[in-house]
Amino acid sequence: MAAQREQFLKTPFLKTLFLKTKRHNAISTALLSTSLILGAGASSFALAENAGQQETRQQVSVPAGDLGKTLTDIAVRHHIALSFDPALTQGLKNEAVSGNFSALELIDALLQNTNLIMTPNQDGTYSLMDQSDYTMSGLAVSASQINDSVLSEYKGGQIESGGRLGVFGEQDSSNVPFSVVSYTNKAIEDQQLESIAEVLDNDASVQSGHGFGNYSEKFMIRGFELDSDAISYGGLYGILPRQVVSTNAVESVQLLKGSSAFLNGVTPGGSGIGGAINLEPKRADDDLNAVTLDTTAEGQVGISTDIARRFGDKNQWGIRVKALHRNGDSAIDDETREETSISVGIDYRAEKFNVSTDVGYQKQTIENGRSVVYKGSITEVPTAPDAETNYAPSWADSELETLFGMVQAKYELNNNWTLNGAIGANKNKEYGDYSSPMVDSQNGDGTIYRLSVPYESNTLSSTVSLLGDLTTGKVTHQLNLAYSGFVNKTYAAYTMSGTSNTNIYDPADVAYLDTIDADGDMDNPNIRSKTDTKGLSFADTLGFMDDRLLVTAGVRYQEIKANNYNYDGSIDTSYDDSATSPIYGIVYKPTDAISLYANHIEALQKGENVSTSSSNNYSNAGASLKPYTSKQNEVGIKFEDGTLGAGAALFEITKPEAYGEAGSAYDYYGEQRNRGIELSLYGEPSTGLRINTSATWLDPKLKDTQNGTNDGNDAVGVAKYRLVLGGEYDIRSLQGLTLGGKIIRSGPQYLNASNTLEVDAWTRLDVNARYVSKVAQQDITWRLNITNLMNEGYWASAAGGYLTQGNPREIKLSVSTEF
């Protein structure tokens, strides 16, 4: 709130604000007059003395009561010249507040769950305003916009409506013809979510599993794959760690449901047809000293710190440093994980120019890591083993290390035009001894082999955009001209062993297997691929009827150049392709809280790489398929009033379908067409009760398959439905205690394109508790989270044509404080 108040005076459009009614104009004039009289009556010495008192922090405890009376008492006690219309606080109650606050911080805390904001006047006095009463050219001005963001945070602080939409920048969901939602750092902390997959378990549109044979996270959004290396950071692709991204430095996880290539450009691996994930870094909005200690029932221990400062004569400089170290056994038998991450964010904020720099380092070590299960000559999907069972040999491990950085800048050319730019780079280094069983019978018998891979990659990613507003007659225009692109290089080699027998229900601890095949330099791997993408897009959003009707039309030109190399570094295959694709969208707002929308998007995508696994033995192993075009049509409705958010969407997405039988070529043989329905409801329907529920039903069909063999079958690895029922409740009889949890129900899915291998539906129950207490006058937050409470063994995903088992019951406990 303090940052919002300061930014409010600097907002270029402040002079254009106007009150909605004559009554409000009269009140505004009276308030301003009162403020001027109070300000003129105070001496400069008194103002300076009072300012010092207002900024001094002290331990306070304010009981629940009438908000207007509480504010008046605090203003008198601390000599704050605060004026407001009593009608603004009529009938409003303040919650009890305690802790170390300055007077201004205390007022901000009392206003936290209201629609009111305290703003400073230039004479040193303050006014109380209802932020919903102010508009400019049809655009509502909220506290979130004053703080240089357009996202609406729902009560409870765990969900924001909106996110970064590529060429359109950060947008509130109600203003765009897309479905987008953000999970905040508070949600991450309260649920002790350590990975992006754990965060997105909160949304029914997302299904998570592992990558092929390793420990990377693979997502299915609206039934289409999104690889972990396709997660963007501040809108830039290829910057984050490739396999697993820590949540330690993440301010929000933003989920866009639906095709995103027009908005964000092509992803590094060509995935992301059904949606996109963007992570936003933490910023130093206020001074902060925070520390968290965490542990698990298995004895894994972690410590994290979060330190933020703002400095400079106008607090224009900010720095935030986050560090984490965690080590110990996981809930899977004999598996050990160690993680170290540190990130530093520095920002400079001026009236018209903002620039920020983020640098991060992450290292993860996984020992005796359980990965996936491949299908062999089975006629029925075997029952999942006990949840804790580890069918990986003791030598299966991986070390993942990434250094990454990003610079972002924004310059307001004038009140209507803004220039944005960002550039980022990544250096990724991995080594893994990977081993996953291939099951051949219902009793769990199978074989296992070793694949050792040194892998390196580096990426340079950039984007530049020009955003502008203009008006022609009664029609407003939001113009977006943007460039985005990246260059990605990968380096790899391998050694591979023969097979040994095992059983997924009674795993054999196989000795380290001897090498029978190898290629490339294991100590200094040669280049294996180079991908160079460039895209230029233009879009115009036209506003009619005071911006209640928004029509978006745009076009994107995309180039993709890719070279694939043999393990000795010689060129193997290459392609150079381009395409021009359109986007159309419409939003109609019959009321301020309801938006009806529709969109059509076409996008060029990079072709996927053909697996080199011996389990597939494709005749074109290692090749890259040509780029392809995906298409999406969607209609939906949204309700958002700051307390509750709800949405419903109908969509159809099509893309060429690639698959292959063992020994044959892996290529495009038809089309995958996903039709679906999405429902969501989130917010705080009553005081102390917060909900986050969603549901997705999918009809993922294959069309025009090779020889018509699989026509009409379901696509591989797509659950037919998913339900997430989540929520939490503040226990009134014990102040500070909150109980919550969620139930996830995932429908059946198929392991093969012929649909002869069906994976059973599954249900998972998670519970959590949070308690805020005082120890030696210090606020302490205790958190307990239990995932998979019933310790169910189940196959969580068949994405990619292999099985990922759900994690066993895990009990996490943490204690946090700020000082």
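Residues numbered from 1 in each chain as written. Predicted model: local features only at pLDDT ≥ 70, side-chain atom pairs only at ≥ 80, totals over all residues. Heavy atoms only, no water.

Quick notes on helix H5 (residues 103–110)
Alright, step 1. Taken across its eight residues, H5 has six buried, putting it largely inside the fold.
Alright, step 2. Burial in H5 covers these residues: Ala103, Leu104, Leu106, Ile107, Asp108 and Leu110. (Buried < 20%, exposed > 50% of the residue type's maximum accessible area, 1.4 Å probe, protein only. Helix = DSSP H or I, 4+ residues; strand = E, 2+ residues; numbered from the N terminus.)

Examining a negative patch on the surface
Alright, step 1. On the surface, a cluster of negative charge is made up of Glu298, Asp329, Asp333, Asp334, Asp386 and Asp509.
Alright, step 2. Relative to the elements of secondary structure, Asp509 occurs in the loop between strand E32 (494–503) and strand E33 (515–519). (Patch = residues over 30% accessible without salt bridge, like charges linked within 9 Å, V, L, I, M, F, W, Y side chains within 5 Å. Areas by Shrake-Rupley, 256 points an atom, 1.4 Å probe, with all protein chains shown as cover. Salt bridge = Lys/Arg side-chain N within 4 Å of Asp/Glu carboxyl O. Lys, Arg positive; Asp, Glu negative; His and termini not counted. Charge placed at Lys NZ, Arg CZ, Asp CG, Glu CD.)

A closer look at the packing of helix H4 (residues 67–77) against H5
Alright, step 1. Contact geometry for H4 and H5: axes closest at 11 Å, N-to-C directions at 175 degrees. By the angle class used here, H4 and H5 are roughly antiparallel. In this structure, H4 uses Leu67, Thr70, Leu71 and Ile74 to contact H5, whose residues at the interface are Leu106, Ile107 and Leu110.
Alright, step 2. Grouping the constituent residues of the contact of H4 with H5 by class yields six nonpolar, one polar and no charged. (Axes fitted to C-alpha atoms, helices over the stretch in contact; angles between N-to-C directions. Parallel < 35°, antiparallel > 145°, perpendicular 65-115°, else oblique. Contact = heavy atoms within 4.5 Å. Nonpolar A, V, L, I, M, F, W, Y, C, P; charged D, E, K, R; others polar.)

Thoughts on empty space enclosed by the protein
Alright, step 1. According to the stated counting rule, one finds eight cavities of 30 Å³ or more in the structure shown.
Alright, step 2. Roughly 240 Å³ of internal volume is contained in the second largest cavity.
Alright, step 3. Ser179, Lys257, Gly647, Ser680 and Tyr682 are, among the 28 residues lining the second largest cavity, the residues nearest its centre.
Alright, step 4. Counting residues per element, the lining of the second largest cavity draws most heavily on strand E41 (residues 689–703), which supplies five residues.
Alright, step 5. By residue class, the composition of the lining of the second largest cavity is 13 nonpolar, 10 polar and five charged. (1 Å grid on protein atoms, 1.4 Å probe; cavity = no way out; pocket = protein on both sides within 12 Å on 5 of 7 lines; lining within 4 Å. Points joined across faces, edges and corners; volume = space filled by probe spheres on them.)

Focus on a nonpolar patch on the surface
Alright, step 1. There is a patch of nonpolar side chains on the surface, built from Phe353, Tyr411, Leu413, Leu419 and Val464 and spanning about 410 Å² of accessible area.
Alright, step 2. By the secondary structure assignment, Leu419 is in strand E28 (residues 417–434).
Alright, step 3. Under the relative-accessibility criterion, Leu419 is labelled partly exposed at 37%.

So, the sheet that holds strand E7 (residues 116–120)
Alright, step 1. One open sheet holds the three strands; their spatial order is E4-E8-E7, and the pairing between them is mixed. A single partner strand is all that each edge strand has here, and the edge strands are strand E4 (82–83) and E7. (Pairing = 2+ DSSP bridges.)

Topic: the sheet that holds strand E15 (residues 206–210)
As a general point, the strands of a sheet are linked pairwise by backbone hydrogen bonds and lie either parallel or antiparallel.
Alright, step 1. Pairing within the open sheet is antiparallel, and its three strands lie in the order E15-E16-E17. Looking along the sheet, the strands with just one partner apiece sit at the ends: E15 and strand E17 (224–227). For this sheet the average axis-to-axis angle between neighbouring strands, irrespective of direction, equals 30 degrees.
Alright, step 2. The pairing of E15 with strand E16 (residues 217–221) spans five bridges and is antiparallel. When the bridges of E16 are listed, His210 appears paired with Glu217.

Examining the packing of aromatic side chains
Here the distance between the centres and the angle between the planes together describe a pair of aromatic rings.
Alright, step 1. With the rule as written, the count across this model stands at 10 aromatic pairs.
Alright, step 2. With 4.8 Å between their ring centres and 55 degrees between their planes, Trp317 and Tyr348 make a pair best called tilted. On the criterion of sequence distance, the pair formed by Trp317 in strand E23 (residues 317–329) and Tyr348 in strand E24 (residues 336–349) is long-range, its members being 31 residues apart.
Alright, step 3. We classify Trp317 as partly exposed; its relative accessible area is 36%.
Alright, step 4. Each member of the aromatic cluster is reached from another via a ring pair, and the members are Phe212, Tyr374 and Tyr802.
Alright, step 5. We note Lys638 situated over the ring of Tyr597; from NZ or CZ to the ring centre the distance is 4.5 Å. (Phe/Tyr/Trp six-rings, centres within 6.5 Å; stacked < 30°, edge-to-face > 60°. Lys NZ or Arg CZ within 6 Å of the ring centre and 35° of its normal.)

What to know about the nonpolar core
Alright, step 1. The biggest cluster of nonpolar side chains holds 30 residues, and the ones touching the most others in it are Ile196, Leu200, Phe219, Val253, Ile277 and Leu279.
Alright, step 2. For this core, the secondary structure elements donating two or more residues are strand E14 (179–184), helix H8 (196–200), E16, strand E19 (250–257), strand E20 (275–281) and strand E27 (397–412).
Alright, step 3. Sort the elements by how many residues they give to this core and H8 lands first, with four residues.
Alright, step 4. Contact partners of Leu279, with chain neighbours within four places excluded, come to Ile196, Ile231, Ser232, Tyr233, Gly234, Leu240, Val245, Val250, Ser252 and Val253.
Alright, step 5. Core analysis: the next-biggest nonpolar cluster, separate from the first, contains 21 residues, Val62, Leu71, Val97 and Leu110 among them. (Core = buried A, V, L, I, M, F, W, Y, C linked by side-chain atoms within 4.5 Å.)

Keep in mind these values describe shape, not function.
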